[in-house]
Amino acid sequence: MDQIKLLGMTAVLTALIWATADSLVNETIGVQMSFTIVPEAGKTDMIAEVDRELPPFQVEVSGPHRVIAQVQAAAPLNARITVPDTQTGPTSIPLLKALEDQWNAFPKLTVLSVKPPELGVTVDHLVPQEFRVILRPFKLAYEFEPQLERNTVTVRMRESRLREMLDARKPLEIQIDPERLLRDKTPGESVTVPVRLTLNPEDFGDDAEVTPNTLQVTATLKADRKTAEIGTVPILLAVSFANFAKPLKVIGPDGTTPLVTRRITVTGPVEAVDRLLAGDRPVGIIRLKVADLENLGVQRSFKPEFHLPPGVDLAEEPEPVAFTILPLE
């Protein structure tokens, strides 16, 4: 019986010795890791972005065999890196320090090195800026010209975008066009229409917001004007005498030589618009310049010029005409 007890104690001691030895033996390996960056907690106006798409980083870690095996099984790893709030612009995050502070999943591991050692990050901030609202030049005639309910709005946009505007000396203004909503209203009656403000992403960025995003515009159209639609207006090409004889051809987006027309909406004095509708229809002219005739094989868009009687104007811009100029074979 004593011998059996001794054998049992020996087995337990052996297991403890091996477990202790296993915990004392460290291994060092390299694992791949990617990083997810987040702004500092509570900084709702802060934006942090990685400078570019990066391949996985190589991280060298050391620790007990069992923990190393767990790391290898979980690879590739991803770590969440908090970016501290700094001034707008590029910055870098030392990854070794960041991992030492956040290596919670494997507390028994030691991070020895990270390659590359830093993560390039761009920090930006959403800032409010007051912009003036202006009306697009009028084409309609009014007894009471359009009036805005307010002349300024607040745009919340990236600080970097705002700096670009200021550096380029761009006016801090937003232009709106209420006439597309006013042209069909009854002449002589005061009307108020809601005009939605839109921000050009090329200037303001995709994440800019304007408050308020809709403004009320009040106006009264003159009673002696008329708006009418002309359904089929031919579009013609014009070239100089020097380029008239060049062997060129034009093809539309579908690869054929099109008969191009446009639907236009005109506005003007009632008598002038009626004469236009009853007489010869207008045409649209696209004037090709030397540079256009030298830039062959590239599809481009052109805005036709429409020849209208005095006092008659386009009520809205028609769609541009897209075509490609090719040498005639």
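What comes next is a walk through the structure.

About the thresholds
- Residues numbered from 1 in each chain as written.
- Predicted model: local features only at pLDDT ≥ 70, side-chain atom pairs only at ≥ 80, totals over all residues.
- Heavy atoms only, no water.
- Helix = DSSP H or I, 4+ residues; strand = E, 2+ residues; numbered from the N terminus.
- Rg over C-alpha atoms; globule rule 2.2 N^0.38 Å.
- Buried < 20%, exposed > 50% of the residue type's maximum accessible area, 1.4 Å probe, protein only.
- Contact = heavy atoms within 4.5 Å.
- Lys, Arg positive; Asp, Glu negative; His and termini not counted.
- Charge placed at Lys NZ, Arg CZ, Asp CG, Glu CD.
- Pairing = 2+ DSSP bridges.
- Axes fitted to C-alpha atoms, helices over the stretch in contact; angles between N-to-C directions.

**Notes on the overall build of the chain**
Looking only at helices and strands, the chain features eight helices and 21 strands. Computed over C-alpha atoms, the radius of gyration of the chain comes to 35 Å, more than 25% over the 20 Å expected from 2.2 N^0.38 for 329 residues, which places it beyond the range of a compact globule. Summarising its shape, the C-alpha atoms of the chain cover approximately 125 × 60 × 45 Å along the three principal directions. Across the 329 residues of the chain, 33% fall into the buried class. Restricting to contacts in the chain with at least 6 residues of sequence separation, those with at least 24 account for 79%. Where the 35 positive side-chain charges of the chain centre and where its 45 negative ones centre are 2 Å apart.

**Side note on the environment of isoleucine 230**
Secondary-structure assignment places isoleucine 230 in strand 14 (residues 225–238). Residue isoleucine 230 is classed as buried on the basis of its relative accessible area, which comes to 0%. Distance in space between the C-alpha atoms of isoleucine 230 and threonine 265 is 6.2 Å, their sequence separation being 35 residues. Not counting chain neighbours up to four residues away, the residues in contact with isoleucine 230 comprise Arg262, Arg263, Ile264, Val266, Leu276, Leu277, Arg281 and Pro282.

**Side note on the sheet that holds strand 19 (residues 305–306)**
Across the sheet, which stays open at both edges, the five strands sit in the order 19-17-14-16-20 with mixed pairing between neighbours. In this open sheet, the two edge strands, each paired with only one partner strand, are strand 19 and strand 20 (313–314). Relative to strand 16 (residues 261–269), strand 14 is paired through eight bridges, and the arrangement is antiparallel. Counterpart to isoleucine 230 in the pairing with strand 16 is isoleucine 264. Strands strand 14 and strand 16 of the sheet are contacted by helix 7 (residues 270–278), whose axis makes an angle of about 45° with strand 14.

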